[in-house]
Amino acid sequence: MKREVPIIVTTVAGIFMILEYFHNIPGLANGAKELQNWAILVAAFALALAAINLAARHLRNITARHQNAVHSGLLLASMFATVIAGIFFGTDARAFVFIFDNIITPCGSAFYAMACFHLASAAYRAFRAQSGQAAALLITGIIVMLGRAPIGDLIHPYLPKMATWLMQVPNLAGMRAIMISSAIGMIGVSLRIITGIDRTHLGMGQE
Amino acid sequence: MDVLMKLGDIDKRVLYVLLVLVLLIPMVRPIGIRISISHWTTKAYEQLSRLEPGDTVICDFGYNVDGAPDVEPIAKAIFRDLFDRNIKIITVSLNAQGPMIAEKLLLPYEESGKVYGTDFCNLGFMAGGETALAAYARDLKRTFPRDWRGNTTSTLPILQGITGAPDTKAWIFFTDSSAEAWVRQVGDLDVPMIGAVITVAAPQAEPFVHSGQLSGLLTGLRSAAEYEIVTNRPGGAVAAMDAQSLGHILITIFIVFGNISYFVKRSKELAGREGVQ
Amino acid sequence: MLVAGRVAGLVSLLTIFITMMLGIRRAHTSLPTIRRIAGLEAIEEAVGRATEMGKPIFCTPGWSDITTSTAAPTFAALDIIYYAARLAARYDTEMIVAIAYPNVYPLTEQVVRQAYVMEGKADRYNPGTVVFTSPEQYAYTAACLGIIQREKVAATILVGHFASEAINFAEASAAVNAISISGTESTYQLPFFTAACDYTMIGEELMAAGAYISEDPMRLGAIRGQDYAKLLAFLWILTGAICSTAGFNWFEAILNF
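Residues numbered from 1 in each chain as written. Chains lettered and ligands numbered in written order. Predicted model: local features only at pLDDT ≥ 70, side-chain atom pairs only at ≥ 80, totals over all residues. Heavy atoms only, no water.

Q: What am I meant to see in the overall build of chain A here?
A: For chain A, the count of helices and strands is 8 helices and 0 strands. Its helices and strands taken in sequence order, chain A reads α-α-α-α-α-α-α-α from the N to the C terminus. For 207 residues, the compact-globule estimate of 2.2 N^0.38 gives 17 Å, and the C-alpha radius of gyration of chain A, at 25 Å, exceeds that figure by more than 25%. Considered along the principal axes of its C-alpha atoms, chain A spans approximately 65 × 50 × 45 Å. Across the 207 residues of chain A, 40% fall into the buried class. Restricting to contacts in chain A with at least 6 residues of sequence separation, those with at least 24 account for 23%. Summing over all exposed atoms, chain A offers an accessible surface of approximately 11600 Å²; the carbon and sulfur share of this is 72%. When the 14 basic and 8 acidic side-chain charges of chain A are each reduced to a single mean position, those positions are 11 Å apart. (Helix = DSSP H or I, 4+ residues; strand = E, 2+ residues; numbered from the N terminus. Rg over C-alpha atoms; globule rule 2.2 N^0.38 Å. Buried < 20%, exposed > 50% of the residue type's maximum accessible area, 1.4 Å probe, protein only. Contact = heavy atoms within 4.5 Å. Areas by Shrake-Rupley, 256 points an atom, 1.4 Å probe, with all protein chains shown as cover. Lys, Arg positive; Asp, Glu negative; His and termini not counted. Charge placed at Lys NZ, Arg CZ, Asp CG, Glu CD.)

Here you go:
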């Protein structure tokens with residue numbers, strides 16, 4: 001029974017949502033909305049469970065005087081401060097807006113900017129013309145990188161045109177191929193889950 | 001020979017420091033490299049320039065603050081253009097951080113005289129991902145009974161006569177991920193849709209412009225700079241373009257260094273093997 | 001009764017379902033051979049290396065939830081994590097799995113625990129193996145980078161849906177000399193993974209991974225069925241291209257029906 005119930009729930013919910021998407025049957029839309037509300041409720045409980053896991057792990061670090069106990073302390077303090085500001089004062093209150101504007105926003109932007117540095121070092125480390133294919137990747141990469149920046153025009157007026165052609169012809173063709181095959185693959189995975197063929201996520205891995 | 005070989009082993013911290021310098025210096029002392037206008041930006045601008053004063057557009061905020069450095073300059077450039085032409089803006093958010101980001105961008109216009117509820121409004125965020133998007137694209141007031149500021153949406157003058165996206169003149173979405181959600185959920189509604197996506201998502205979004213599912217596409221900081229230029233309102237994005245150009249040049253130089261070193265090492269190895277034989 | 005504009009989508013869905021069922025049916029008589037997926041085969045090498053070095057392996061099913069359109073790559077990633085966890089349990093290698101979204105956390109814990117049970121080592125399962133980080137993109141990124149750097153992991157398995165954090169993970173792996181195995185359907189992150197990781201599973205390879213690993217006839221048959229669907233899609237695209245070039249609009253009308 002432990003094995004069958006989750007599969008039955010998945011199948012019924014999956015078929016219901018598919019029917020709702022494709023059909024205008026009165027009542028189905030409300031039912032689908034209700035199912036989505038349930039999903040939000042389940043997500044809230046999952047969040048509580050995950051938050052407990054996070055807090056417990058970092059509390060363990062602190063009590064065990066782990067070498068990163070200070071980091072764990074900082075994490076717990078900021079987590080509880082944000083939770084208290086959001087729950088007790090509301091997300092439009094000054095305390096929460098302060099956290100959002102002065103901590104979350106600059107930290108997020110800093111991390112996004114970090115990708116630029118990692119990208120630079122990855123390009124320096126990995127872009128070697130070791131084979132014909134690698135050389136093609138290297139050359140097209142440089143053309144696109146320079147051609148898409150304003151400096152491309154100054155280097156050679158044809159460079160931006162080449163970059164645009166590369167992006168809109170060979171790149172687009174490849175992207176479309178990957179998108180279409182991924183989409184079919186995604187539909188396949190979803191159908192396999194709905195029909196109960198795939199059930200690893202339920203802790204029912206194959207031998 | 002040794003020097004050439006060492007070109008491939010430069011400490012990455014040196015690269016990082018140089019990158020900081022080439023990005024920072026042009027911000028302080030701009031060089032003024034000329035920016036050409038791409039086909040995509042022209043297409044998006046042409047679509048938006050057809051709007052008349054008094055028309056209403058929906059701006060959907062689907063990015064986090066993390067993606068803001070690349071996407072937000074587009075939102076700023078479009079807001080400035082639309083508000084200057086007295087076009088009304090309704091903001092909605094597919095992302096939880098969206099309403100706060102929208103509030104921040106709308107505040108300067110409110111301070112300069114635009115009236116909340118008449119010239120613009122912020123309907124807030126609706127949980128539920130694509131399902132929520134599909135719902136509010138079809139019925140704004142039903143999906144958002146109250147706006148982000150707590151007003152009853154049915155009383156807002158800007159929403160009078162507007163049920164969903166087809167009653168507006170354009171749908172502009174800003175996202176730091178894929179454009180697919182909007183293409184799937186808003187694409188079949190009768191409204192021109194313009195995507196403003198993070199630079200790395202551009203190749204994924206471009207097929208939707210070709211297929212006509214998007215009426216225009218703006219991608220990252222470069223498009224923001226181009227939009228600022230076509231609307232004759234140069235701002236922060238234009239200033240950042242010099243930094244981008246120099247950054248790309250530096251990375252290219254380091255890639256060339258790496259390859260010189262690789263070929264020198266390889267030729268030395270080959271010569272060594274021939275010597276042994 | 002049917003929603004206008006979605007009929008073509010329904011027909012496509014039913015076609016894929018039928019081809020999948022045909023593939024499964026055929027699998028009862030002849031098992032399909034799936035081509036080698038280098039990224040998957042490298043997982044055993046990666047776990048072996050970690051075992052020799054006495055260092056942990058790091059896994060993450062990406063920055064995605066199971067309630068959005070990125071659910072399928074997340075489920076596919078769980079299949080790979082299950083496989084890696086079984087290997088880790090078999091060789092007594094430490095494993096750390098970082099999770100971004102709360103919904104994915106209980107599922108992953110279940111999957112990893114089950115892997116230990118299947119290897120007969122339920123008592124060796126450490127509840128700290130699966131760690132929740134944050135659904136905030138860069139809080140998740142910071143947590144993962146911290147784990148990779150502090151634990152000096154021997155291998156990183158980055159599978160599922162990723163956004164701009166992909167390049168950060170790949171570079172952090174290189175910085176600690178870890179073998180990096182990645183897989184994503186996210187077309188705009190694939191170039192970064194391909195350039196910076198040792199092995200990359202591209203698009204549908206990730207989706208097919210579960211079937212490849214399990215060697216289950218039903219799942220392998222379903223993959224063959226998907227290939228039939230791809231063949232039909234190819235013919236459909238070809239017909240569409242010819243019709244559009246020749247100026248016949250009826251093809252577009254069918255798609256919009």
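Q: Teacher, can you tell me more about the overall build of chain B here?
A: Secondary structure assignment for chain B yields 11 helices and 6 strands. For 277 residues, the compact-globule estimate of 2.2 N^0.38 gives 19 Å, and chain B exceeds it by more than 25% at 23 Å. On the principal axes, the C-alpha backbone points of chain B span a range of 85 × 40 × 30 Å. Within the span of chain B, comprising 277 residues, buried residues form 55% of the whole. Here the contacts in chain B between residues at least 6 apart in sequence split such that 70% fall between residues at least 24 apart. As presented, chain B carries roughly 11400 Å² of accessible surface, and 58% of it is formed by carbon and sulfur atoms. Here chain B holds 26 positive side-chain charges and 30 negative ones, and the gap between their average locations is 3 Å.

Q: Would you mind going over helix H2 (residues 12-28) of chain B with me for this structure?
A: Along an α-helix, a turn takes 3.6 residues, which lines up residues three or four apart on a common side. All names here are of chain B. For H2, built from 17 residues, the straight-helix expectation of 24 Å at 1.5 Å per residue is met to within 8% by its first-to-last C-alpha distance of 25 Å. Of the residues making up H2, those classed as buried are Leu-15, Tyr-16, Leu-19 and Pro-26. The buried side chains of H2 occupy one side of the element, clustering within an arc of 120 degrees when seen end-on. Residues of H2 that are exposed and point over 90 degrees away from its buried face: Arg-13, Val-17 and Val-28. (Expected span 1.5 Å × (residues − 1). Arc of directions from axis to C-beta.)

Q: Is there a simple way to explain the interface of chain A and chain B in this structure?
A: By a widely used convention, the size of an interface equals the accessible area lost when the partners come together. With 39 residues of chain A at the interface, the matching set in chain B holds 49 residues. Across the chain A/chain B interface, buried area totals approximately 4100 Å², and carbon plus sulfur atoms make up 68% of it. The tally of links between chain A and chain B comes to 2 salt bridges. Its salt-bridge partner being A:Arg148, residue B:Glu206 comes within 3.6 Å of it at the nearest N-O pair. Between chain A and chain B we count 12 residue pairs in polar contact (both at pLDDT 80 or more) in total. Taken together, the elements giving at least two residues each to the side of chain A that touches chain B come down to helix H4 (94-126), helix H5 (132-147), helix H6 (151-155), helix H7 (158-168) and helix H8 (170-194) of chain A. With 15 residues, H4(A) is the largest single contributor of residues to the side of chain A that touches chain B. (Buried area = accessible area lost by both parts, 1.4 Å probe. Salt bridge = Lys/Arg side-chain N within 4 Å of Asp/Glu carboxyl O. Polar contact = N/O pair within 3.5 Å; in protein donor to acceptor, adjacent residues only side chain to side chain.)

Q: Would you explain unusual backbone geometry in this entry?
A: Residues and elements named next belong to chain B. Despite not being glycine, Asn-86 has its phi angle at roughly 55 degrees, a positive value. Looking at the element boundaries, Asn-86 is found in the loop between helix H4 (68-84) and strand S2 (88-93). The class of Asn-86 is partly exposed, set by a relative accessible area of 46%.

Q: So what exactly am I meant to see when it comes to the packing of H4(B) against helix H5 (residues 98-111) of chain B here?
A: Two measures define how a pair of helices packs: the angle their axes make with one another and the distance between the axes. Residue and element names in this part refer to chain B. Packing of H4 against H5 brings their axes to within 11 Å, and their N-to-C directions diverge by 35 degrees. Considering the relative orientation of H4 and H5, their crossing is right-handed. Across the interface between the two elements, Glu-72, Ala-75, Lys-76, Phe-79, Arg-80 and Phe-83 of H4 pack against Ile-101, Lys-104, Leu-105, Leu-106 and Tyr-109 of H5. Considering only residue class, the contact of H4 with H5 consists of 7 nonpolar, no polar and 4 charged. (Axes fitted to C-alpha atoms, helices over the stretch in contact; angles between N-to-C directions. Left-handed = near helix turned anticlockwise from the far one by under 90°. Nonpolar A, V, L, I, M, F, W, Y, C, P; charged D, E, K, R; others polar.)

Q: How should the packing of helix H1 (residues 4-22) of chain A against helix H2 (residues 28-63) of chain A be read in this particular structure?
A: Residue and element names in this part refer to chain A. Their axes nearest at 9 Å, the elements H1 and H2 cross at an angle of 135 degrees. The angle between the axes of H1 and H2 places the two elements in the oblique class. Once H1 is placed against H2, the crossing between them reads as left-handed. Here Ala-13, Phe-16, Met-17, Leu-19 and Glu-20 of H1 come into contact with H2, specifically with Leu-28, Ala-29, Gly-31, Ala-32, Leu-35 and Gln-36. For the contact of H1 with H2, a count of residues per class yields 8 nonpolar, 2 polar and 1 charged. (Parallel < 35°, antiparallel > 145°, perpendicular 65-115°, else oblique.)

Q: Any chance you could explain the domain arrangement of chain A here in plain terms?
A: Residues and elements named next belong to chain A. Segmentation of chain A into domains returns domain 1 (1-89) and domain 2 (91-126). Taken over C-alpha atoms, the centre of domain 1 sits 25 Å from the centre of domain 2. With 5 residues of domain 1 in contact, the opposing surface of domain 2 contributes 5 residues. When the buried surface of domain 1 facing domain 2 is broken down by residue, Thr-82, Ala-85 and Phe-89 rank first, second and third, together holding 78% of it. One can count 0 salt bridges joining domain 1 with domain 2. Connecting domain 1 to domain 2 are 0 residue pairs in polar contact (both at pLDDT 80 or more). When its residues are assigned to classes, the side of domain 1 that touches domain 2 shows 3 nonpolar, 2 polar and no charged. (Domains from an automatic or database assignment.)

Q: Just to check I follow, could you spell out the interface of chain A and chain C for this structure?
A: If you look at the interface, chain A gives 56 residues, while chain C gives 65 residues. Carbon and sulfur atoms supply 71% of the area that chain A and chain C bury against each other, a total of about 5400 Å² over both sides. Where chain A touches chain C, the interface holds 2 salt bridges. Remark: the boundary between chain A and chain C carries 11 residue pairs in polar contact (both at pLDDT 80 or more). Contributions of two or more residues to the side of chain A that touches chain C are made by H1, H2, H4 and H8 of chain A.

Q: What is the right way to read the nonpolar core from this model?
A: Note that soluble globular proteins tend to have their nonpolar side chains buried in a common cluster. Residues B:Phe61, B:Trp171 and B:Phe174 are the most contacted members of the largest nonpolar core, which totals 113 residues. Among the elements that line this core, the one with the most residues is H4(B), at 9 residues. For B:Phe61, the contacting residues outside a window of four places in its chain are B:Ala75, B:Phe79, B:Thr91, B:Val92, B:Ser93, B:Leu94, B:Asn95, B:Gly98, B:Ile101, B:Ala102, B:Leu105 and B:Phe174. Formed by 56 residues, the second largest nonpolar core is a distinct cluster that contains A:Val189, C:Ala42, C:Ala72 and C:Met95. (Core = buried A, V, L, I, M, F, W, Y, C linked by side-chain atoms within 4.5 Å.)

Q: Sorry, what's going on with the confidence of the model for chain B here?
A: Close inspection of predicted coordinates is inappropriate in any region flagged by low pLDDT. On average, residues of chain B score 90 in pLDDT, and 99% of them are at 70 or above. In the predicted complex, the global pTM is 0.84; the interface-specific ipTM is 0.82. (pLDDT = per-residue confidence, 0-100.)

Q: Explanation requested: the sheet that holds S2(B) in the structure shown.
A: In a beta sheet, neighbouring strands pair by backbone hydrogen bonds and run either parallel or antiparallel. Residue and element names in this part refer to chain B. Pairing within the open sheet is parallel, and its 6 strands lie in the order S3-S2-S1-S4-S5-S6. The sheet terminates laterally at strand S3 (120-125) and strand S6 (216-219), the two strands that pair on one side only. Pairs of neighbouring strands in the sheet enclose a mean axial angle of 15 degrees, with direction left out of account. Across the sheet, H5 is in contact with strand S1 (56-62), S2 and S3; its angle to S3 comes to roughly 165 degrees. Each of strand S5 (193-197) and S6 touches helix H10 (residues 220-230); the most contacted strand, S6, lies at about 115 degrees to it. (Pairing = 2+ DSSP bridges.)

Q: Looking at this structure, I do not really get the pattern of salt bridges. What am I missing?
A: Pairs can form between side chains of opposite charge once their charged atoms are near each other. Scanning all chains against the criterion turns up 26 salt bridges over all chains. When the shortest N-O distance is used, the salt bridge between C:Glu119 and C:Arg86 registers 3.0 Å. Placement of the pair is C:Glu119 in the loop between helix H4 (104-118) and strand S3 (130-132) and C:Arg86 in helix H3 (residues 71-90), with a sequence separation of 33 residues. In this pair, the class of C:Glu119 matches that of C:Arg86, namely buried. Connected through salt bridges with shared partners, the residues A:Arg192, A:Asp198, C:Asp79 and C:Arg219 form a single ionic network.

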